[in-house]
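As a plain string of letters, each chain reads:
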Amino acid sequence: MAVDIHEYQAKEILSSYGVKIAEGGLAYSPSDAVQRARDIGGHVWAVKAQIHSGARGKAGGIKICKTHDEVEAAAEFLLGKRLVTHQTGPAGKVCARLYVESGMDIARELYFCFLVDRGSERIVMVGSAQGGMEIEELAANHSEAIIKIYIKPSVGLQDYQAREMAFALDLKAEMLSHAVKTIKGCYRALRDLDANMLEINPLVITGSGELVALDAKMGFDDNALFRQQKISELRDKTQEDPREMAAADRGLSYVGLNGDIGCMINGAGLAMATMDMIKLAGGEPANFLDVGGGASAERTEKAFRLVLADKNVKAMLVNIFAGINRCDWIAEGVVEAVKKIDMQIPLIVRLSGTNVEEGRRIITESGLPIITAETLAEAAEKAVQARNKVVAKDMAREI
């Protein structure tokens, strides 16, 4: 899972690696915003909502102001506002802090990015002379405008590759050394801090010929946070899915989805296959949850509570293939968890693998209203059927 940080935090990191940024400051209130504008000076400021999402401008999250009164009004409008973009989903994200930045004399806008490309097992450097727009839109309508250069991690970014990108961005000869310094600084930040994505959109050329990161976005590998304490401290949990944060704090791999069939599965591959089968049966999974190979009774209970904390869940499917683990252990954990939690929704359990017969016996003799299944397809179908019955009952009550 990637860990995101705010724009102002990414800019502070890039500045420490020699990338030029505009002068700016953080604000938590309208009066703070006005004071930041006074500190910066000048006659034009950008007041930017700090949320973990791109496309903030389209959502009204960036305001260009020419007076202190306009800065104050923009801050009052943005603070506490829920911004909805195509990246946040319909729930949106609430703005709790602002970044006030000096206005820039922009001559040209460029796009620049580093990504870890798992397909090629390389770091890919992406650039375009057409910045300031969504890269997805650019890729769909003008794919020829996107330049990609692949970097071997064992060798690292070479000077000739940085120059190749600078030429591809159609930069003037006198800007070449500055561009190479900027590109290499970005690469070092990505490498040193275990980032898996670094995007600057737009990277602007000012009227005076400077190259400035006007926006910045960074994502980090959460598996590396144990050695990146400074990055871990930048994490803003209010911007993340509370279900995923609760899971991470309990050592569980969880991704929240928009469906209503909760899932508890051991193994990432089996989890993905289970979600596919639920969709094939006509349902929508509420989550991806991999409890791993050591699903003890305590861990099983934690997983149950996490899934059921999502009030949208109408039915829950447990799908376990026991290898290192044992089905009887899992069954005991499931029975214990159900008794403690007092489940109010249908539970479907499919066990397979080591000690499966004993596991099924424990489930059957528990006396609990647990629906069992022998195959994955059967489990998915029963989960969707149970979910449909719950929804029908809820609709009947409303009528």
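Source: prediction; values computed, not measured. (Residues numbered from 1 in each chain as written. Predicted model: local features only at pLDDT ≥ 70, side-chain atom pairs only at ≥ 80, totals over all residues. Heavy atoms only, no water.)

Trainee: Looking at this model, I keep getting lost on the UniProt feature "binding site: ATP" (unreviewed entry) in the protein. Mind explaining?
Mentor: Sites flagged by UniProt as "binding site: ATP" (unreviewed entry) map to Lys48, Glu101, Met104 and Glu109. Looking at where glutamate 101 falls in the secondary structure, it is placed in strand β7 (residues 98-102). Classification of glutamate 101 by relative accessible area gives buried; the value is 1%. Looking at glutamate 101, its side chain comes within polar contact range of the side chain of lysine 11, at 2.3 Å. Summarising the element assignment, methionine 104 is placed in the loop between β7 and β8 (106-117). Assessed through its relative accessible area of 27%, methionine 104 is described here as partly exposed. Those residues in contact with methionine 104 that sit more than four places away from it in its chain are Ala22, Thr206, Val212 and Leu214. (UniProt positions renumbered as here; feature names shortened; annotations may be inferred. Helix = DSSP H or I, 4+ residues; strand = E, 2+ residues; numbered from the N terminus. Buried < 20%, exposed > 50% of the residue type's maximum accessible area, 1.4 Å probe, protein only. Polar contact = N/O pair within 3.5 Å; in protein donor to acceptor, adjacent residues only side chain to side chain. Contact = heavy atoms within 4.5 Å.)

Trainee: Honestly, the nonpolar core in this entry has me stumped. Any pointers?
Mentor: One recurring pattern in soluble globular proteins: nonpolar side chains tend to sit buried together. Residues Ile13, Phe114, Met125 and Leu198 are the most contacted members of the largest nonpolar core, which totals 42 residues. Here this core takes eight residues from helix α6 (residues 176-192), the largest share from any one element. Ranked by size, the runner-up nonpolar core spans 32 residues in total, among them Met264, Val334, Met343 and Ile362. (Core = buried A, V, L, I, M, F, W, Y, C linked by side-chain atoms within 4.5 Å.)

Trainee: Whenever I open this one, a nonpolar patch on the surface confuses me. Can you help?
Mentor: Residues Val44, Ile62 and Ile64 make up a contiguous nonpolar surface patch of about 230 Å² in total accessible area. Within the secondary structure, isoleucine 64 is located in strand β4 (residues 62-65). Given a relative accessible area of 58%, isoleucine 64 falls into the exposed group. (Patch = residues over 30% accessible without salt bridge, like charges linked within 9 Å, V, L, I, M, F, W, Y side chains within 5 Å. Areas by Shrake-Rupley, 256 points an atom, 1.4 Å probe, with all protein chains shown as cover. Salt bridge = Lys/Arg side-chain N within 4 Å of Asp/Glu carboxyl O.)

Trainee: What is the right way to look at a negative patch on the surface in this model?
Mentor: Judged by side-chain charge, Asp69, Glu70, Glu72 and Glu76 come together as a negatively charged surface patch. Relative to the helices and strands, glutamate 76 is located in helix α3 (residues 68-78). (Lys, Arg positive; Asp, Glu negative; His and termini not counted. Charge placed at Lys NZ, Arg CZ, Asp CG, Glu CD.)

Trainee: Whenever I open this one, α3 confuses me. Can you help?
Mentor: Spacing of three or four residues puts side chains on the same side of an α-helix, whose turn is 3.6 residues. What α3 keeps buried is the set Val71, Ala74, Ala75 and Leu78. Projected onto a plane normal to the axis of α3, the buried residues spread over an arc of 100 degrees and lie on a single side. For α3, the exposed residues set more than 90 degrees away from the buried face come down to Asp69 and Glu76. On its buried face, α3 is in contact with α2 (30-40), β3 (45-49), β4 and β7. Glycine 80 lies just past α3 and shows a positive phi near 85 degrees. (Arc of directions from axis to C-beta.)

Trainee: How should I be thinking about the environment of leucine 289 in this particular structure?
Mentor: Structurally, the position occupied by leucine 289 is in strand β16 (residues 287-290). Accessibility expressed as a relative area gives 0% for leucine 289, which makes it buried. Expressed as a C-alpha distance, the spacing of leucine 289 and isoleucine 265, which sit 24 residues apart in the sequence, is 6.1 Å. Beyond its immediate chain neighbours, meaning those up to four positions away, leucine 289 contacts Leu252, Ser253, Tyr254, Cys263, Met264, Ile265, Ala303, Leu306 and Val307.

Trainee: Just checking my understanding: could you explain the side chain of serine 53 for this structure?
Mentor: Structurally, the position occupied by serine 53 is in the loop between β3 and β4. In terms of polar contacts, serine 53 uses its side chain to reach the side chain of threonine 85, at 2.6 Å. Not counting the four nearest positions on each side in its chain, serine 53 is found in contact with Thr85, Gln87, Thr88 and Lys217.

Trainee: Explain the pairing of strand β2 (residues 24-27) here, please?
Mentor: If a strand is regular, its side chains alternate between the two faces of the sheet. Here β2 shows one buried face, formed by Gly25 and Ala27, and one open face, formed by Gly24 and Leu26. For β2 and β7, the ladder comprises four bridges, and the chain directions are antiparallel. Its bridge partner lying in β7, leucine 26 is registered against tyrosine 99. (Pairing = 2+ DSSP bridges.)

Trainee: Would you mind going over the environment of lysine 279 with me for this structure?
Mentor: Structurally, lysine 279 can be placed in helix α9 (residues 268-280). Take lysine 279: its relative accessible area is 45%, and that puts it in the partly exposed class. A sequence separation of 102 residues divides lysine 279 from glutamate 381, and the C-alpha atoms of the two residues are 9.6 Å apart. When sequence neighbours within four positions are dropped, the list of residues in contact with lysine 279 reads Glu284 and Pro285.

Trainee: I would appreciate a short explanation of the packing of aromatic side chains in the present structure.
Mentor: To describe a pair of aromatic rings, one takes the distance between the centres and the angle between the planes. Here the structure, examined in full by the defined rule, presents three aromatic pairs. With a centroid separation of 6.3 Å and an interplanar angle of 25 degrees, the aromatic rings of tyrosine 8 and tyrosine 99 are classed as stacked. Of this pair, tyrosine 8 sits in helix α1 (residues 7-16) while tyrosine 99 sits in strand β7; the two residues are 91 residues apart in sequence, bridging distant segments of the chain. Across the pair, exposure class does not vary: tyrosine 8 and tyrosine 99 are buried alike. An angle of 65 degrees between the planes, with centres 5.7 Å apart, marks the rings of phenylalanine 114 and tyrosine 187 as edge-to-face. Of this pair, phenylalanine 114 sits in strand β8 while tyrosine 187 sits in helix α6, and the two are 73 residues apart along the sequence. For phenylalanine 114, a relative accessible area of 0% puts it in the buried group. Given a relative accessible area of 6%, tyrosine 187 falls into the buried group. (Phe/Tyr/Trp six-rings, centres within 6.5 Å; stacked < 30°, edge-to-face > 60°.)

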